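Below are the chains, spelled out letter by letter.
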Amino acid sequence: MPNFATPKTKALLKGIYWKIIPIAILLYVVYQGFLSDAPQLEILEETVRNLYFHVPMWFTMTALFVISLVFSLRYLRGQKRIDDLYAVEFANVGLLFGFLGLTTGMVWAQFTWGFFWTWDPKQNFSAITLLIYLVYMVFRNSITDEKVKARVSAVLNVFAFSAMVPLIFILPRMMESLHPGADGNPAFSGYDLDGTMRTIFYPAVIGWALLGVWLTTLRHRMRVIKDKLYEIHN
Amino acid sequence: MRKDLLLEWREKNALSAIVLYVLSTTFVIYQMFVTTEPEVWVALYWVITLFAALNAASRSFIHENSNLRFYYFQLVSPHAMILSKMLFNVVLLGILALLSTLIFGGLLGFPIKSVKIWLVISLVGATGFALALTMVSALASKARNSGMLMTILGLPIIIPQVLVLVDLSKKALMVLPFSVYGTRLLGLLSIDIIIVTVALVFFPFLWKD
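Residue indices begin from 1 for each chain and proceed along its sequence in written order. A letter from A marks each chain and a number from 1 marks each ligand, given out in the order of writing. Local features in this predicted model are restricted to residues whose pLDDT is 70 or higher, and side-chain atom pairs enter the listing and the counts only when it is 80 or higher, whereas totals over whole chains, interfaces and linings include all residues.

**As for the overall build of chain B**
Secondary structure assignment for chain B yields 9 helices and 0 strands. Exposed residues have 12 or fewer other C-beta atoms within 10 Å of their own C-beta, buried residues have 20 or more, and residues in between are partly exposed; the C-beta atoms are placed from the backbone. Out of the 209 residues belonging to chain B, those deemed buried represent 39%. Numbered from the N terminus, helices here are DSSP runs of H or I no shorter than four residues, and strands are runs of E no shorter than two.

**Some thoughts on the overall build of chain A**
Of the regular secondary structure elements, chain A holds 7 helices and 0 strands. When the helices and strands of chain A are listed from N to C terminus, the series reads α-α-α-α-α-α-α. Within chain A, counting contacts between residues at least 6 apart in sequence, those at least 24 apart form 74% of the total. Here, residues touch in the contact sense if the C-beta positions derived from the backbone fall within 7 Å of one another.

**Looking at the interface of chain B and chain A**
Contact residues are listed per partner, giving 23 residues for chain B and 24 residues for chain A. Breaking the side of chain B that touches chain A down by element, the ones donating at least two residues are α7 (115-140), α8 (146-172) and α9 (179-207) of chain B. In terms of residue count, the dominant contributor to the side of chain B that touches chain A is α9(B) (9 residues). Basically, the charged four are Asp, Glu, Lys and Arg, the nonpolar ten are Ala, Val, Leu, Ile, Met, Phe, Trp, Tyr, Cys and Pro, and anything else, Gly included, counts as polar. Its residues assigned to classes, the side of chain B that touches chain A comprises 17 nonpolar, 4 polar and 2 charged.

**Thoughts on the environment of A:Gln32**
Residues and elements named next belong to chain A. Within the secondary structure layout, Gln32 lies in helix α2 (residues 17-35). Its 16 C-beta neighbours within 10 Å are what place Gln32 among the partly exposed residues. Along the backbone, Gln32 and His54 are 22 residues apart, and their C-alpha atoms lie at a distance of 16 Å.

**Things to note about the environment of A:Ser36**
All names here are of chain A. For Ser36, the position within the fold is in the loop between α2 and α3 (51-78). Using a count of 12 C-beta atoms within 10 Å as the deciding quantity, one classes Ser36 as exposed. In this structure, the C-alpha to C-alpha distance between Ser36 and Met197, residues 161 residues apart in sequence, is 8.9 Å.

**Remarks on the confidence of the model for chain B**
Detailed conclusions should not be drawn from predicted coordinates in areas where pLDDT is low. pLDDT gives the predictor's per-residue confidence on a scale running from 0 to 100. When the pLDDT values of chain B are averaged, the result is 78; 81% of them are 70 or greater. Reported for the predicted complex are a pTM of 0.83 and an ipTM of 0.79.

**With respect to unusual backbone geometry**
The backbone of A:Gln79 sits at a positive phi, close to 60°, despite the residue not being glycine. Summarising the element assignment, A:Gln79 is placed in the loop between α3 and α4 (81-112).

**Quick notes on α3(A)**
All names here are of chain A. Take the number of residues in a helix, subtract one, and multiply by 1.5 Å to get its expected span. Here α3 is 28 residues long and its end C-alpha atoms lie 40 Å apart, about the 40 Å a rise of 1.5 Å per residue gives. Here α3 lies mainly inside the structure; 20 of its 28 residues are buried. Backbone geometry just after α3 places Gln79 at a positive phi near 60°.

**Brief notes about the packing of helix α6 (residues 146-174) of chain A against α9(B)**
Geometry is summarised by axes, namely lines fitted to C-alpha atoms with helices restricted to the contacting stretch, and by angles between N-to-C directions that run from 0 to 180 degrees. Direction vectors running N to C along α6(A) and α9(B) enclose 165°, while the axes themselves pass 10 Å from each other. With respect to their mutual orientation, α6(A) and α9(B) come out roughly antiparallel. Like other packed secondary-structure pairs, α6(A) and α9(B) cross with a definite hand, here right-handed. Residues A:Arg151, A:Val152, A:Val155, A:Val158, A:Phe159, A:Ser162, A:Pro166, A:Leu171 and A:Met174 of α6(A) pack against B:Thr183, B:Gly187, B:Ser190, B:Ile191, B:Ile194, B:Val198, B:Phe202, B:Phe205 and B:Leu206 of α9(B). Orientation labels follow simple angle bins: below 35 degrees gives roughly parallel, above 145 gives roughly antiparallel, 65 to 115 gives roughly perpendicular, and whatever is left gives oblique. In this scheme the crossing of two helices becomes right-handed for a clockwise turn of the near helix relative to the far one and left-handed for an anticlockwise turn of less than a right angle.

**Considering the packing of helix α6 (residues 78-108) of chain B against α9(B)**
Residues and elements named next belong to chain B. Interhelical geometry of α6 versus α9 gives an angle of 125° and a closest axis separation of 9 Å. In terms of orientation, α6 lies oblique with respect to α9. In this structure, α6 crosses over α9, and the sense of that crossing is right-handed. Within the contact between the two elements, α6 uses Pro78, His79, Met81, Ile82 and Met86 and α9 uses Val196, Ala199, Leu200, Phe203, Pro204 and Trp207. Of the residues assigned to the contact of α6 with α9, the class counts are 10 nonpolar, 1 polar and no charged.

**Some details on the environment of B:Ser114**
When you line up the elements, B:Ser114 lands in the loop between α6 and α7. In this structure the C-alpha to C-alpha distance between B:Ser114 and B:Ala172, which are 58 residues apart in sequence, comes to 7.1 Å.

Structure representation (structure tokens):
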């Protein structure tokens, strides 16, 4: 696996060039998303535009949690502190996107189903997943010894991820639910999306995902700097 | 496996503490409700079993002092350690679930239509609690304020199982064919398998003190 701490990758991550991409994409998505025509269906009507925000948030969260898991596993193999710092920051930003996804979902639920919270399985389980990752955060803060903290949080990250997979992807599909993607049907089949929506939706996923990675790299750099400061002072 | 059984022979006072807990909470509930509707019965049962399980499982890793742990570290492999603790907790919580059922049934009536189904549901539930809480207890033992931490951290991990179990129990209040329970029971069992697998792979990392 490539080493992410080399000067070359660091320079690559700091560079401005790839960051213009998410900015451009998201500006396009927001503009087109609100001004282009959206297919009018009963109940959904204009709120289907939330698709450009709600779904990419969750996709981004999943992607960030996967990357966080990868770094946790790397830490368990090599015991390098930088892997642990990456893992925690990806989990942090993933959690942020998860909460945004939940909020956009609740707003959407208010318009289409009539309530912010419907005790729907998917809603419940995704909230619980976010709780479990919050547990991960609380755990990290409650251990003082750095090495033990890194090791325990790596194991807990694996645990939380293995809880997320059945909770968000497997269980809701098996249960009856208002949320699309229940009773055995996949949430996104080929003929579900209108042509216009696709041209905005796919870039939206990429844009939000890149934004998430950008936020993580920023937070990670802050953490590395704080870490070095502590080392110098202690 | 022999080492597993050796390690399980511990903490007999845990059982009596838990029995006392279940008895006292059920007695309090009995005083509060003159009659219980079936749904309330189910909810109360699972709440009490849940908190008794949290109490029970948190004793797994927290009681040991460091000398004893060092001795164990020399003696057995981490896999044997975690498996034996999980097995112990499964048995303990299984007994707890059955005891709760008896006490609840005795004091508040038994609205579940089929005893067989209820046995399956409560034992699968107890197993799920035991496995998840053993793992959380192993993690929490590394932190400072482990008692409270265990409870706080254990709850979100347990909640999905509780939700599914309550759903299953409500179905058990009516006479339904077994196929209705099949998917969810399978889901709970697969959660158990995932927990055990993750624990087996990753517990050695925790164990290297």
